[in-house]
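As a plain string of letters, each chain reads:
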Amino acid sequence: MRDPFRNPFPSSDAARHAIWQMLVERDIDAFLAADWTKVAGDFVEEGFIGIDAKRETSPDKWRLAFPCLTAYRDEWLRQAEDFSQQSFAEDTRNAIFTTTTLEDIEIEGDMALVRKKFDGSLKKSDGSVDILKWQTLYYCRLHQGHWKICGFTGYLPNPMGAT
């Protein structure tokens with residue numbers, strides 16, 4: 001059984017190790033703290049693009065929701081603030097790490113295609129459950145000596161073909 005808190009890439013695989021740290025550990029901790037400053041340096045602002053697939057399999061339904069990093073940052077902060085106001089019946093950090101899988105990173109030169117998947121749920125204090133079941137394709141590149149996010153196609157169905 002995998003340890004959801006353990007980076008599956010050894011430090012000797014520096015690129016994949018760094019990408020996992022950025023997209024799993026740092027991202028989750030920043031989101032839970034609703035603190036964009038913890039991840040702001042993980043993005044390439046120039047040319048950034050984010051696509052919202054709306055959990056739809058058809059690209060005809062996908063939208064250019066984040067034509068720039070500022071648009072994505074604002075939505076990220078809105079979601080993080082909303083999340084921080086909710087009451088959960090379990091440890092949110094543990095639950096989010098447990099639902100998150102990032103084990104497939106394709107690297108070609110200074111570019112990377114990263115597949116991050118969510119498959120699980122969070123129990124709320126009122127007895128309801130938030131379902132976390134989607135996936136995101138991140139486009140990363142080596143920028144000024146560090147791996148950074150230059151775009152993504154997110155909120156894809158997980159698995160694809162399911163709506």
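1. Here we look at the overall build of the chain
Regarding its fold elements, the chain presents three helices and six strands. When its helices and strands are written in sequence order, the chain yields α-β-β-α-α-β-β-β-β. For the chain, the spread of C-alpha atoms along the principal axes amounts to about 50 × 40 × 35 Å. Across the 163 residues in the chain, those meeting the buried criterion constitute 39%. Taking the contacts inside the chain whose residues are at least 6 apart along the sequence as the reference set, 58% of them involve residues at least 24 apart. Carbon and sulfur atoms make up 49% of the accessible area of the chain, which amounts to about 8800 Å² in all. Distance between charge centres in the chain, computed from 20 positive and 26 negative side chains, equals 2 Å.

2. Re the nonpolar core
Of all hydrophobic cores here, the largest spans 39 residues; its most connected members are Leu23, Tyr72, Val114 and Cys140. Of all the elements in the fold, those that place two or more residues in this core are helix H1 (14-33), helix H2 (69-84), helix H3 (92-99), strand E3 (100-108), strand E4 (111-123), strand E5 (129-143) and strand E6 (146-156). Broken down by element, the residue count for this core peaks at nine residues, all from H1.

3. Some words on H3
Among all positions in H3, only Thr92, Ala95, Ile96, Phe97 and Thr99 are buried. Next to the buried residues of H3 lie H1, H2, E3, E4 and E5.

4. Here's the deal with the sheet that holds strand E1 (residues 49-52)
Strand order in the open sheet formed by six strands is E2-E1-E6-E5-E4-E3, and the pairing between neighbours is mixed. Two strands in the sheet have a free side with no partner beyond their single neighbour: strand E2 (63-66) and E3. The sheet shows a mean angle of 25 degrees between the axes of neighbouring strands, taken without regard to direction. Looking at chain direction, E5 and E6 are connected through eight bridges and run antiparallel. Counted as the bridge partner of Arg141 is Lys148 from E6. Against the sheet, H2 makes contact with E2, E4 and E6, and its axis sits at roughly 75 degrees relative to E2, the strand it touches most. The sheet contacts of H3 involve E3, E4 and E5, and relative to E4 the element is tilted by about 130 degrees.

5. Examining the side chain of Thr136
Structurally, Thr136 is set in strand E5. Thr136 gets classed as buried once you look at its relative accessible area, which sits at 6%. Dropping the residues within four chain positions of it, Thr136 is found in contact with Val114, Arg115, Lys116, Phe152, Thr153, Gly154 and Tyr155.

6. With respect to unusual backbone geometry
Following Asn158, the chain continues to Pro159 via a peptide bond in cis, the omega torsion being 5 degrees. Structurally, the position occupied by Pro159 is in the segment after E6. Although it is not a glycine, Ala34 adopts a positive phi angle of roughly 50 degrees. Relative to the assigned elements, Ala34 resides in the loop between H1 and E1. Of note in this structure, Arg55 is not a glycine but carries a positive phi near 60 degrees. Its location among the elements puts Arg55 in the loop between E1 and E2. By relative accessible area, which is 38% here, Arg55 ends up partly exposed.

7. So, the packing of H1 against H3
Orientation of H1 relative to H3, taken along the N-to-C sense of each, is 150 degrees, at an axis distance of 10 Å. Between H1 and H3, the interaxial angle falls into the category roughly antiparallel. Crossing handedness for the pair H1 and H3: right-handed. Residues Trp20, Val24, Glu25, Ile28, Asp29 and Leu32 of H1 pack against Thr92, Arg93, Ile96 and Phe97 of H3. Class assignment for the residues of the contact of H1 with H3 results in six nonpolar, one polar and three charged.

Procedures and definitions
- Position numbers for residues start from 1 in each chain and track the written sequence from start to end.
- The model is predicted, so local features are restricted to residues of pLDDT at least 70 and side-chain atom pairs to those at 80 or more, both for listing and for counting; the totals for chains, interfaces and linings are taken over all residues.
- Only heavy atoms go into the side-chain values, all of them from the structure, while hydrogens and water stay out.
- The numbering of helices and of strands both runs from the N terminus, where a helix is a DSSP run of H or I of at least 4 residues and a strand a run of E of at least 2.
- Partly exposed residues are those whose accessible area sits between 20% and 50% of the maximum for their type, while under 20% is buried and over 50% is exposed, using a 1.4 Å probe and protein chains only.
- Contacts: residue pairs with any heavy atoms within 4.5 Å of one another.
- Every accessible area reported is derived by Shrake-Rupley at a probe size of 1.4 Å, with residue values counting cover from the shown protein chains alone.
- Counting rule applied: Lys, Arg positive; Asp, Glu negative; His and chain ends not counted.
- Where a charge lies is defined by one atom per residue type, namely NZ (Lys), CZ (Arg), CG (Asp) and CD (Glu).
- We define a nonpolar core as any set of buried Ala, Val, Leu, Ile, Met, Phe, Trp, Tyr and Cys residues linked to one another through side-chain atoms lying within 4.5 Å.
- At least two bridges found by DSSP between two strands is the condition for calling them paired.
- Inter-axis angles, ranging from 0 to 180 degrees, are taken between N-to-C directions of lines fitted to C-alpha atoms, where helices are fitted over the stretch in contact.
- Angular relationships are summarised with four words: roughly parallel below 35 degrees, roughly antiparallel beyond 145, roughly perpendicular across 65 to 115, and oblique for the angles in between.
- A crossing counts as left-handed when the near helix is turned anticlockwise from the far one by less than a right angle, and as right-handed when that turn is clockwise.
- Gly falls in the polar group here, along with every residue not listed as nonpolar (Ala, Val, Leu, Ile, Met, Phe, Trp, Tyr, Cys, Pro) or charged (Asp, Glu, Lys, Arg).

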